[in-house]
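Chain residues, written in single-letter form:
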Amino acid sequence: MQYIANAKEAKKIDGISIEQIGIPSLVLMERAALAVAKRVEELAKKEDSVLIICGVGNNGADGVAAGRMLSEHGYRVTFLLLGNMQKASEEMRVQLAIVKNLALSVRTTDDFLKEELEQYTFVIDAIFGIGLSREITGKYAQWIQAVNAMQKPVVSVDVPSGIDATNGQVLGIAIRAKETITFGTLKSGLLFFPGAKYAGVVQLADIGFPKSALKEVCLQTISYDREDVKKLFPQRIPYSNKGSYGKVLVIAGSKNMGGAAYFAARAAYEMGCGLVKVITHQNNRDMLLEKLPEALLECYHEETKEEEISDMLTDVVQWADVIACGPGLGTSPTARSLFETVIKEENKPVVLDADAINLASTLSDNIFQKNKILTPHLKEMSRLIETPVATIQTDLMHYADMAKPATIVLKDARTVVVSDEKRYINRSGNHALAKGGSGDVLCGMIAGLLARKTEPFLAASLATYLHGLTAEEYVKNRSSSSMFASDILDMLSTILP
Ligand SMILES: NC(=O)C1=CN([C@@H]2O[C@H](COP(=O)(O)OP(=O)(O)OC[C@H]3O[C@@H](n4cnc5c(N)ncnc54)[C@H](OP(=O)(O)O)[C@@H]3O)[C@@H](O)[C@H]2O)[C@@H](O)CC1
Ligand SMILES: Nc1ncnc2c1ncn2[C@@H]1O[C@H](COP(=O)(O)OP(=O)(O)O)[C@@H](O)[C@H]1O
Ligand SMILES: [K+]
């Protein structure tokens, strides 16, 4: 499991390590620089001509120290200083004095022509790190543009200069790196797009922040790695029966969208729950009986009266441990009536997906209740909170927070999960998942885990992680274009413990 910091938290970790615990800032910096130099030695050839472009803060100071280490190991390095040296940090002054004593080539943008950039074959970007505080304009923007135009490999120090370390947004312009070496903890801005794209491959370097500093900052945002799955996924027990693994009610599939009911119901079974019952439109009966005979079925049609639906639901809701409502449900009067009955349930976990979220957007009542788990994609979220998609995209975590005290799975290429104070950023998966039916499978997976008595945050985050892993496994020997929702289901049995 990885703990993820935003810019403020990362600064706090620096501060506690240096001021309270007493590790000299320059000690941390030397370790940061060593990590950068070590990686650049793996990537750059001795014949390369390395340009280290440095701002005047501590990110720049890291760059100066890394360049000095590379020079000691036989690389040709040139430092290009960008910014007002009157404002240089204390550490930057120290690092610069060292390289000047070593008679290394230190240039400033006053006497360095942009045409000279052509001579360099490798770049270290140390202009801004977590201290970037506003849009980049003027001279800084011009140099970043010029570095990107070089089309040479760039390694960014801590954060690609220009990326907001918290939300991954480009503050005007940003360096496009091949790799980013980040220190101590992953930064959320390196995970969210577009930051993730600008950062390239992200390497995490331990530079000696004490565990107690990390603990004191009490990072609330996590992300999983493959080794977490075995620890987190609920175990099956020898002395058990289907009742031990919970019952899921799936309310899904309208007249022309039966597949969604199948995807969600089978996904719940794949996650190991004991029984799945599906309430769906009559049209889907034969398909479900054939494709998923393990599911129990209750069907309705256009003429089914509201009282009948209500009676049917009362019994089934009672029966279920978890309810998943919405995939392919449509927004017909019957769908609405099913939805409105289900959301009255206040004690059991209720997963609301797709059309259930669209129906919720038309309600004046607050749907963000404690027992609800909502799984909107950005367009559904936009309807739900009446905020444009483009605005939500600028800060997924901030908008996901609005759903409290409900649990939310805000789906995007980097899905986030928020529940109370717990936050999760998903790093698994790829564009193979960008296809109809993917979300239906995820909804069923979450419900399946909830039925196994997994608490909502863990159920939502672990299901999201596993959903992504299926795509990673799939593309190992197949085209990412050819993955279907059914393939996610088929892959599950190969990745679950
Ligand atoms: N000892 C430590 O703390 C350790 C820190 N470490 C390293 O330090 C980095 C953080 O260093 P930092 O805090 O000095 O901030 P940094 O990213 O260099 O930027 C600040 C400078 O940028 C300027 N500036 C900001 N926005 C601007 C804009 N839009 N346009 C123009 N200027 C702008 C700002 O100027 P000002 O806002 O004051 O005008 C200031 O001069 C961190 O990412 C890691 O690499 C590691 O070595 C571990 C130990
Ligand atoms: N480019 C991508 N990279 C990673 N995951 C993706 C990408 N595109 C889509 N996904 C995932 O696929 C799922 C799509 O869900 P959704 O949009 O609800 O699909 P549908 O409504 O067709 O079932 C989400 O879990 C989302 O995070
Ligand atoms: K940087």
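Note that the coordinates shown come from a computational prediction; the quantities given were computed from them, not determined experimentally.

A.B. asks: Honestly, the side chain of Ser49 in this entry has me stumped. Any pointers?
C.D. replies: Looking at where Ser49 falls in the secondary structure, it is placed in strand β2 (residues 49–54). Excluding residues within four positions of it along the chain, Ser49 makes contact with Arg76, Gln119, Tyr120, Thr121 and Phe122.

A.B. asks: What's the story with the layout of surface pockets in this structure? I'm lost.
C.D. replies: Remark: the empty space left among the atoms is shown by a probe the size of a water molecule rolled over them. In this model, the largest pocket occupies a volume close to 990 Å³. Considering the residues around the largest pocket, the lining is formed by 40 residues, among which Gly57, Asn58, Asn59, Gly129 and Gly131 are closest to the centre. Broken down by secondary-structure element, the contributors of at least two residues to the lining of the largest pocket are α1 (7–20), α2 (25–43) and α3 (58–72). Looking at the lining of the largest pocket element by element, the count peaks at five residues for α1. When grouped by side-chain class, the residues that make up the lining of the largest pocket number 18 nonpolar, 13 polar and nine charged.

A.B. asks: Help me out: how do you make sense of the coordination of the potassium ion (ligand 3) in this one?
C.D. replies: Geometry reference: four tetrahedral donors at a metal, ideal angle 109.5 degrees. Six octahedral donors, ideal angles 90 or 180 degrees. Here the potassium ion (ligand 3) is held by Asn59 (OD1), Asp125 (O), Phe128 (O), Val157 (O), Val159 (O) and Ser161 (OG), and the distances to it run 2.5 to 3.1 Å. Coordination at the potassium ion (ligand 3) is irregular: its six donor atoms span angles of 67 to 173° at the metal. Written as a sequence motif, the donor arrangement for the potassium ion (ligand 3) is N-x65-D-x2-F-x28-V-x1-V-x1-S. There is no split in this pair, since Val157 and Ser161 are both buried.

A.B. asks: Could you clarify how one ought to interpret the site of ligand 2 in this entry?
C.D. replies: If you check the shell around ligand 2, you find 17 residues, and the closest are Lys411, Asp412, Thr415, Gly437 and Gly439. Contacts to ligand 2 include Ser438, whose backbone N or O atom sits 3.4 Å from an oxygen atom. Within the contact set of ligand 2, an oxygen atom lies 3.3 Å away from a backbone nitrogen or oxygen of Asp440. Considered on its own, ligand 2 offers 580 Å² of accessible surface; in the complex 77% of this is hidden by protein. Mapping ligand 2 onto the cavity grids shows that it belongs to the second largest pocket.

A.B. asks: Explanation requested: the nonpolar core in the structure shown.
C.D. replies: Nonpolar side chains in soluble globular proteins generally cluster together in the buried interior. Counting 61 residues, the largest nonpolar core has Val248, Val276, Val278, Val351 and Leu466 as its most contacted members. The set of elements that each furnish at least two residues to this core consists of β11 (247–251), α9 (258–270), β12 (275–281), β14 (322–325), α17 (438–451), α18 (456–474) and α19 (485–495). In terms of residue count, the dominant contributor to this core is α18 (11 residues). When neighbours within four sequence positions are excluded, Val278 is seen to be in contact with Val250, Ala261, Ala265, Leu288, Ala295, Leu296, Leu297 and Glu298.

A.B. asks: Could you clarify how one ought to interpret the sheet that holds β12 in this entry?
C.D. replies: Ordered by their spatial adjacency, 12 strands build an open sheet running β8-β1-β10-β19-β18-β17-β16-β15-β14-β11-β12-β13, and the pairing between neighbours is mixed. Taken across any chain shown, the strands that pair with only one partner, and hence form the sheet edges, are β8 (186–187) and β13 (296–300). Here strand β1 (residues 2–5) pairs with strand β10 (residues 221–223) via three bridges, running antiparallel. Counterpart to Ile4 in the pairing with β10 is Thr221.

A.B. asks: Would you mind going over a negative patch on the surface with me for this structure?
C.D. replies: A contiguous patch of negative charge, built from Glu306, Glu307, Glu308, Asp311 and Asp315, is present on the exposed surface. Among the secondary structure elements, Glu308 is positioned in helix α11 (residues 306–319).

A.B. asks: Help me out: how do you make sense of the packing of aromatic side chains in this one?
C.D. replies: Geometry of an aromatic ring pair is reported as the spacing of the ring centres plus the angle between the planes. Using the criterion set out here, one finds six aromatic pairs in the structure. Their ring planes at 85° and their centres at 6.0 Å tell us that Tyr224 and Tyr465 sit as a pair that is edge-to-face. Taken together, the positions of Tyr224 in the loop between β10 and α8 (226–232) and Tyr465 in helix α18 put the pair 241 residues apart, joining distant regions of the chain. Relative accessible area serves as the criterion here: at 3%, Tyr224 is assigned to the buried category. Both rings, one in Tyr262 and one in Phe263, keep their centres 5.6 Å apart while their planes meet at 50°; by these two values the pair is tilted.

Cut-offs applied
- Residues numbered from 1 in each chain as written.
- Chains lettered and ligands numbered in written order.
- Predicted model: local features only at pLDDT ≥ 70, side-chain atom pairs only at ≥ 80, totals over all residues.
- Heavy atoms only, no water.
- Helix = DSSP H or I, 4+ residues; strand = E, 2+ residues; numbered from the N terminus.
- Contact = heavy atoms within 4.5 Å.
- 1 Å grid on protein atoms, 1.4 Å probe; cavity = no way out; pocket = protein on both sides within 12 Å on 5 of 7 lines; lining within 4 Å.
- Points joined across faces, edges and corners; volume = space filled by probe spheres on them.
- Nonpolar A, V, L, I, M, F, W, Y, C, P; charged D, E, K, R; others polar.
- Donors = N, O, S within 2.8 Å, 3.2 Å for Na, K, Ca; no water.
- Tetrahedral: all angles 85-135°; square planar, octahedral: opposite > 155°, others 65-115°.
- Buried < 20%, exposed > 50% of the residue type's maximum accessible area, 1.4 Å probe, protein only.
- Near = heavy atom within 4 Å.
- Polar contact = N/O pair within 3.5 Å; in protein donor to acceptor, adjacent residues only side chain to side chain.
- Areas by Shrake-Rupley, 256 points an atom, 1.4 Å probe, with all protein chains shown as cover.
- Sits in = over half its atoms within 2 Å of the grid points.
- Core = buried A, V, L, I, M, F, W, Y, C linked by side-chain atoms within 4.5 Å.
- Pairing = 2+ DSSP bridges.
- Patch = residues over 30% accessible without salt bridge, like charges linked within 9 Å, V, L, I, M, F, W, Y side chains within 5 Å.
- Salt bridge = Lys/Arg side-chain N within 4 Å of Asp/Glu carboxyl O.
- Lys, Arg positive; Asp, Glu negative; His and termini not counted.
- Charge placed at Lys NZ, Arg CZ, Asp CG, Glu CD.
- Phe/Tyr/Trp six-rings, centres within 6.5 Å; stacked < 30°, edge-to-face > 60°.

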